[in-house]
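# Survey of secondary and tertiary structure
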Amino acid sequence: MFVHATREELSFSSFWLVLVPPIIGYYVLAVLVCIPGYRSQRTGIIPPILLLAYRAATTLDLSFANERMVYLNKGLVLAMTTLSFRTIVWVQSSQPYKRLQRIETDSRTVSGSTIAYNGRRQLYLDASDLAFGLRGIGWNWSQGLHIPSETRPTSSKTSFAFWTLSSLVFHVLVFDFLHYLVQRLGPGTFGTTFGGSIFDESLPPLIRFCRSTFISFLSGLVIYCAIHIVYDFCTLIGVVVLRQLPAQWPPIFDEPWRADSLSDFWAKRWHQLFRHFFIGLGWVPLYYVFGRFGGVLGAFFVSGILHYLGLWGLGNGSDVFGMIGFFMLMGVGVILEGSWRKLTGYRVGGWMGRIWTALWLLGWSNILVDAWARKGLIGSLFIPDPYRLPVHFFGAIPAQTNGII
């Protein structure tokens, strides 16, 4: 039933022979894309990188035979898909990628157009920033990227690190409580790794939909907290361990609850980690054929593919309508907003825009969350039960995967 039954458990040898090779190839390509005149070499190494990424995504098992940790395989598939999509976009670039801004350790910002690369060391540092800085802050390929305003203390690394640590702890606690609450709402169904629908057929239609929408809303908050946790953790590593500046780690979200349109939500307020290849693989080719209509749907289609493949990583199949369908409907909503502006001369916004955005997002999020629920994602184990505060306060959740913890 679960994909890890046909996968190879991660070991010392599989780590070096299966997981590391696509990452090395990815980094080599990041170096080449920063150097002028290496387009043919970039093109030549794309096939082996993609094959190595496919092998890692489909043969490694990171769950260590624990059904409730199979979400780690989902993360692996997402990582390798992201790696593959980025390499495809990189090889299409006719010009090398350049850093327009380089933040130095003495806090000075130097224009990349007036200085040359400082030897191999700077090239390798730039390649590292390109490979692992998904938003491309300060690069020529990320023009138009929305960077949220800074509200954290950035004048001191110590203050910034303590603030980030506090944010990490806060979001872990909120994440665990909300995840527990969602699991508690379906203890024998979607609260387990066997999965189940968030739609309770025993309830009248209106109550059933209200309940599923509430579950979807809570699940959205869980996803928000999960992304925040990962970003806060990486921020601490960057600032404390790698001695980077706080300015290199701007906020990941821009208060998405304040979005007054779907365009505002997806283009600015939600995280922009995958923006580059959504545009490169989806928007650009379809925009040239169908205009803005095609560009919008193309970008959301690539997002749907990414999430579809990620869900497949759980080993219980995937869901076309729940994954691709949800994001295509987000694209339809954005197109409707553009049509409204053309017809009336006014953009969607204000309180009416917030209501519209909430209704469209929450209404259609039912199909997304239901797909996750039916494939067993909600029943995953992120924090062992003995260390979960909600379990100590409210008791363990019954019927979770035959007692496997």
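Criteria and cut-off values
- Residues numbered from 1 in each chain as written.
- Predicted model: local features only at pLDDT ≥ 70, side-chain atom pairs only at ≥ 80, totals over all residues.
- Heavy atoms only, no water.
- UniProt positions renumbered as here; feature names shortened; annotations may be inferred.
- Axes fitted to C-alpha atoms, helices over the stretch in contact; angles between N-to-C directions.
- Helix = DSSP H or I, 4+ residues; strand = E, 2+ residues; numbered from the N terminus.
- Parallel < 35°, antiparallel > 145°, perpendicular 65-115°, else oblique.
- Left-handed = near helix turned anticlockwise from the far one by under 90°.
- Nonpolar A, V, L, I, M, F, W, Y, C, P; charged D, E, K, R; others polar.
- Core = buried A, V, L, I, M, F, W, Y, C linked by side-chain atoms within 4.5 Å.
- Buried < 20%, exposed > 50% of the residue type's maximum accessible area, 1.4 Å probe, protein only.
- Phe/Tyr/Trp six-rings, centres within 6.5 Å; stacked < 30°, edge-to-face > 60°.
- Lys NZ or Arg CZ within 6 Å of the ring centre and 35° of its normal.

The protein carries the name Membrane bound O-acyl transferase family-domain-containing protein in an unreviewed UniProt entry, which gives Lentinula boryana as its organism. The UniProt entry for the protein carries this comment under Subcellular location (unreviewed entry): "Membrane". One UniProt comment on the protein, placed under Sequence similarities (unreviewed entry), says "Belongs to the wax synthase family."

## Details of the packing of helix α5 (residues 157–184) against helix α6 (residues 205–241)
Close contact between α5 and α6 brings their axes to 8 Å; oriented N to C, the two are set at 155°. It follows that α5 is roughly antiparallel to α6 by the angle criterion. Seen from above, α5 lies across α6 with left-handed handedness. Looking at the contact of α5 with α6 residue by residue, the class counts come to 22 nonpolar, 7 polar and 2 charged.

## Points about the UniProt feature "transmembrane region" (unreviewed entry) in the protein
Per the UniProt record, the feature "transmembrane region" (unreviewed entry) sits at residues 15–38, 160–182, 221–242, 273–290, 321–340 and 355–373. Here residues 15–38 is 75% helix and 0% strand, with 30 Å between the C-alpha atoms at its ends. Across residues 321–340, helical content stands at 100% and strand content at 0%; the span's end C-alpha atoms are separated by 26 Å.

## Concerning the UniProt feature "domain: Wax synthase" (unreviewed entry) in the protein
In the UniProt entry, the feature "domain: Wax synthase" (unreviewed entry) is given for residues 249–328. Summarising residues 249–328: 68% helix, 0% strand, and an end-to-end C-alpha distance of 31 Å.

## Remarks on the nonpolar core
Most often, soluble globular proteins have nonpolar side chains that are buried together. Judged by nonpolar contacts, the single largest core of 49 residues is most densely connected at Phe190, Trp266, Phe300, Phe326, Met330 and Trp372. Elements with a minimum of two residues in this core: α5, α6, α7 (262–269), α9 (292–312), α10 (320–344) and α11 (350–374). Considering every element that reaches this core, the biggest residue donor is α6, with 9 residues. Judged by nonpolar contacts, the second largest core, of 36 residues, contains Ile49, Val77, Phe85 and Phe278.

## Points about the packing of aromatic side chains
Taken as a whole, this structure holds 26 aromatic pairs when the rule is applied. Taking the centre distance of 5.9 Å and the plane angle of 40° together, the rings of Tyr97 and Trp141 count as tilted. Here Tyr97 is found in the loop between α3 (71–92) and β3 (101–103), whereas its partner Trp141 is found in the loop between α4 (119–132) and α5, with 44 residues between them in sequence. With respect to burial, Tyr97 and Trp141 carry one shared label: buried. Between the aromatic rings of Phe175 and Phe382, the centroid separation amounts to 5.3 Å while the plane-to-plane angle is 85°, which identifies the pairing as edge-to-face. Within this pair, whereas Phe175 is found in helix α5, its partner Phe382 is found in the loop between α11 and α12 (389–394), the two being separated by 207 residues in sequence. Its relative accessible area of 6% is what places Phe175 among the buried residues. Taken together, the aromatic side chains of Tyr224, Phe253, Trp257, Phe265, Trp266, Trp270, Phe300, Phe326 and Phe327 make up a single cluster linked through ring pairs. The residue whose ring lies beneath Arg354 is Trp351, and the NZ or CZ to ring-centre distance is 4.9 Å.

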